[in-house]
Amino acid sequence: MKSIWKQILRYLYIGKKDPNAPKTRYVAMMHGMNRISILLFLIALIILVIRLIRRH
């Protein structure tokens, strides 16, 4: 579980990069898509929480 959070922080440029990770164009593109997905998911969660708070 700890490694999942470390990976998310790396995607968002908050955690340290892994020096042994491969540095190819395809890996960089994959990380970019993952970054976008994580950010959209977090934005959706924030919107849901705000809507739930406003209803009550």
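Attention in this report is confined to the structure presented alongside it. (Residues numbered from 1 in each chain as written. Predicted model: local features only at pLDDT ≥ 70, side-chain atom pairs only at ≥ 80, totals over all residues. Heavy atoms only, no water.)

Before going further, it helps to spend a moment on the overall build of the protein chain. In terms of regular secondary structure, the protein chain is built from 2 helices and 0 strands. A total of 56 residues make up the protein chain; the buried ones form 7% of that total. For the protein chain, the exposed surface amounts to about 5500 Å²; the carbon and sulfur share of it is 69%. (Helix = DSSP H or I, 4+ residues; strand = E, 2+ residues; numbered from the N terminus. Buried < 20%, exposed > 50% of the residue type's maximum accessible area, 1.4 Å probe, protein only. Areas by Shrake-Rupley, 256 points an atom, 1.4 Å probe, with all protein chains shown as cover.)

With 31 residues, helix α2 (residues 25–55) ought to run about 45 Å at 1.5 Å a step, and its terminal C-alpha atoms sit 46 Å apart, in line with that. If you check which residues of α2 are buried, you get Gly32, Arg35 and Ile38. (Expected span 1.5 Å × (residues − 1).)

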